[in-house]
Amino acid sequence: MSSVYQGSKLKVLSLSSNPELAKEIAIHIGIDVGESSVRTFSDGEIQMNIEESVRGCDVFVIQSTSHPINQNIMELLIMIDSLKRASVNTINVVIPYYGYARQDRKAQPREPITAKLVADLIQKAGADRVITVDLHAPQTQGFFNIPVDQLLGIPILSRHFMEKNLQDVVVVSPDHGSVIRARQLADRLKAPIAIIDKRGPREGDAGEVNIVGDVENKIAIIIDDIVDTGNRITNGTNALIEHGAREVYACCTHPVLSGQAIEKIEKSQLKELVTTNSIALPEEKQIDKITQLTIAPLIADAIVRVYEQKSVSVLFD
């Protein structure tokens, strides 16, 4: 592999959550993934070995804190500590999916703010910078006292739908809190927006559902940052079809897809769920209705820009 970064002080290391994404990122940069290993003792303790010299290097560690989330967070913290003790120049953690991000405030008395706790742990371990994609709440950046570069998945998702050349599109926000995200996609697709106005619990079937906006005989695209249980997009799909939508697509950045989500999506009237590979999907979750788009080139560009001390903001488009 021939590259200006081969043999440089730029290193990319992978942990357990998404090695394929790390490999793809390294290929785009033109380097090999650094040699390291992670193993777990019989009692669950993690042992980390960095198997090449990283002294004086700018190291980028790729790790989504997705399921198993606590194991993946501990791997990340232990790797940061290993690097700090190995005399690296900078420790940059690349967290395509930032777990615990939904616990970003006290919604009820005596609740933790776990997104802040995780930020504190990452900083205390010794990280110098965080690169992430589509935080659930953008203000989570303020939980850190180190630089945080939040990359955006909407340009990648919108490109996919532009290439489909769909006609009479309406972009749908699954609730009132996601309108800004829906507007960003709608602006790129030059489409109007609609909002699913659900009265009752956030998850589950209970509650009255109304549609704010015109979806009659249109192709609807629901957009969210995370699809977890699948309830919101499948219930939203049913509501849109009932209100006259011709077809329904959905898209998100992070395919958490826990519990019965795959089964619900497969049985639903949803035409396609488009997502990124911020979270690796095991083979049993790779169904025909799910299309995964790669974020490797975006992250690779961000890594190179940080390494060369160039602006990252141009990637926010």
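Residues numbered from 1 in each chain as written. Predicted model: local features only at pLDDT ≥ 70, side-chain atom pairs only at ≥ 80, totals over all residues. Heavy atoms only, no water.

Looking at an unreviewed UniProt entry, one finds the protein named Ribose-phosphate pyrophosphokinase and attributed to Aquibacillus koreensis. UniProt's Function (unreviewed entry) comment on the protein is quoted here verbatim: "Involved in the biosynthesis of the central metabolite phospho-alpha-D-ribosyl-1-pyrophosphate (PRPP) via the transfer of pyrophosphoryl group from ATP to 1-hydroxyl of ribose-5-phosphate (Rib-5-P)." Taken from UniProt, the Subcellular location (unreviewed entry) comment for the protein reads in full: "Cytoplasm". (UniProt positions renumbered as here; feature names shortened; annotations may be inferred.)

Asks: Please clarify how the UniProt feature "active site" (unreviewed entry) in the protein should be interpreted in this entry.
Replies: On the UniProt side, "active site" (unreviewed entry) is annotated at positions that read Lys198 here. With respect to the helices and strands, lysine 198 occurs in strand β9 (residues 193-199). The exposure class of lysine 198 is partly exposed, given its relative accessible area of 26%. (Helix = DSSP H or I, 4+ residues; strand = E, 2+ residues; numbered from the N terminus. Buried < 20%, exposed > 50% of the residue type's maximum accessible area, 1.4 Å probe, protein only.)

Asks: Would you mind going over the pairing of strand β6 (residues 129-133) with me for this structure?
Replies: Where a strand is regular, its side chains alternate between the two sheet faces. In terms of burial, β6 is largely enclosed, as four of its five residues are buried. Where β6 and strand β7 (residues 148-151) come together, four bridges link them in parallel fashion. Residue pairing in the sheet places threonine 132 in a bridge with glutamine 150 of β7. (Pairing = 2+ DSSP bridges.)

Asks: How should the sheet that holds strand β13 (residues 247-251) be read in this particular structure?
Replies: Strand pairing in a sheet is mediated by backbone hydrogen bonds. Such pairs are either parallel or antiparallel. Taken in spatial order, the seven strands make up an open sheet running β10-β9-β8-β11-β13-β15-β16, and their pairing is mixed. Among the strands making up the open sheet, the edge pair consists of β10 (208-212) and β16 (290-293). Neighbouring strand axes in the sheet, compared pairwise and without regard to direction, differ in orientation by 25 degrees on average. Bridge analysis of β13 against strand β15 (residues 272-276) gives three bridges, and the strand direction is parallel. (Axes fitted to C-alpha atoms, helices over the stretch in contact; angles between N-to-C directions.)

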